[in-house]
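Understanding the architecture of this molecule
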Amino acid sequence: MRNLAEKWPAAPDFATATLSKGSVSVRTLGGLNQLLVSGDLAAWSKASGLAGEGVGAGAIANGDKYMVRIARDRVLAVGGQPFPIVAGWHAAGFAVTVMDAGLHVFEIEGSGLDRLIARGTALDPGAASRSASILFAGAGVLFYRFGNPDRARLHVDRGLAPYLWEWFEQAQVL
């Protein structure tokens, strides 16, 4: 039987891999705590101490802990430190799922970020939307800016991370 794995490039060592071309750099951001929260988001906010609706595509997130809006009743809570909420169903009306191992996070930075966004999606790089869920380079991701307009984060299903890395390597705008 043919070994079809030979036709695919090896996945990079994401712990150390960085990509810098022109005015944009891409790296993996590890160590983030990621919780998928579904249900009553007002009850979640009260229990977690995180206020607001969460940032959407193109909006700027700040701080050690923040929320990324996925849908009307769903957010991804992201933080450098663990959250004081346990996974599972909560009687207040929300469910929490740990997504640390399920979502890979890329951090993209540089003055060419808007060109890269324009190349990867139909989203207007200068506009923000209520949901961070977009199609980028053919993959469903959560996209938002972090800290400043020239830095963005993409959360993608871990299995699609090698594909997205290869797309970044071949992108003509980097």
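Here's what I pulled together on the structure shown here.

Definitions and cut-offs
- Residues numbered from 1 in each chain as written.
- Predicted model: local features only at pLDDT ≥ 70, side-chain atom pairs only at ≥ 80, totals over all residues.
- Heavy atoms only, no water.
- Helix = DSSP H or I, 4+ residues; strand = E, 2+ residues; numbered from the N terminus.
- Rg over C-alpha atoms; globule rule 2.2 N^0.38 Å.
- Buried < 20%, exposed > 50% of the residue type's maximum accessible area, 1.4 Å probe, protein only.
- Contact = heavy atoms within 4.5 Å.
- Lys, Arg positive; Asp, Glu negative; His and termini not counted.
- Charge placed at Lys NZ, Arg CZ, Asp CG, Glu CD.
- Pairing = 2+ DSSP bridges.
- Axes fitted to C-alpha atoms, helices over the stretch in contact; angles between N-to-C directions.
- Arc of directions from axis to C-beta.
- Salt bridge = Lys/Arg side-chain N within 4 Å of Asp/Glu carboxyl O.

1. Considering the overall build of the protein chain
A tally of regular secondary structure across the protein chain gives three helices and 12 strands. Since a compact globule built from 174 residues should have a radius of gyration of about 16 Å, the 17 Å found for the protein chain is in line with a globular shape. Based on the C-alpha atoms only, the size of the protein chain along its principal axes is roughly 50 × 45 × 25 Å. Out of the 174 residues belonging to the protein chain, those deemed buried represent 47%. Relative to all contacts within the protein chain whose residues are 6 or more apart in sequence, the contacts with residues 24 or more apart total 68%. Taking the average place of the 16 positive charges on the side chains of the protein chain and the average place of its 15 negative ones, the gap between the two points comes to 3 Å.

2. Some details on the sheet that holds strand E6 (residues 74-79)
Two strands in a sheet stick together by hydrogen bonds in their backbones, pointing the same way (parallel) or opposite ways (antiparallel). Read from one edge of the open sheet, five strands run E5-E6-E3-E8-E7, paired in antiparallel fashion. At either end of the open sheet lies a strand with only one pairing partner, and these are strand E5 (65-71) and strand E7 (88-90). Put simply, the sheet's adjacent strands are angled 25 degrees from each other on average, direction ignored. Note that strand E3 (residues 33-39) and strand E8 (residues 94-98) share five bridges and pair antiparallel. Across the sheet, residue Leu 36 finds its bridge partner in E8, namely Thr 97.

3. Description of the environment of Phe 168
With respect to the element layout, Phe 168 can be found in helix H3 (residues 161-170). Residues Phe 168 and Ala 137, spaced 31 residues apart in sequence, show a C-alpha to C-alpha distance of 9.2 Å.

4. Digging into helix H2 (residues 113-120)
Along H2, the positions that sit buried rather than exposed are Leu 113, Leu 116, Ile 117 and Gly 120. Buried residues of H2, seen end-on, are gathered within an arc of 100 degrees and therefore sit on one face of the element. The elements touched by buried residues of H2 are strand E2 (24-28), strand E9 (103-109), strand E10 (133-136), strand E11 (139-146), strand E12 (151-157) and H3.

5. Concerning the pattern of salt bridges
Charged atoms that come close allow side chains of opposite charge to pair. Per the counting criterion, the structure on display carries six salt bridges. Note that Arg 27 is salt-bridged to Glu 107, the shortest N-O span being 2.8 Å. Residue Arg 27 is located in strand E2, and its partner Glu 107 is located in strand E9; the two are separated by 80 residues in the primary sequence. Among the residues examined, Glu 107 registers a relative accessible area of 5% and is labelled buried.

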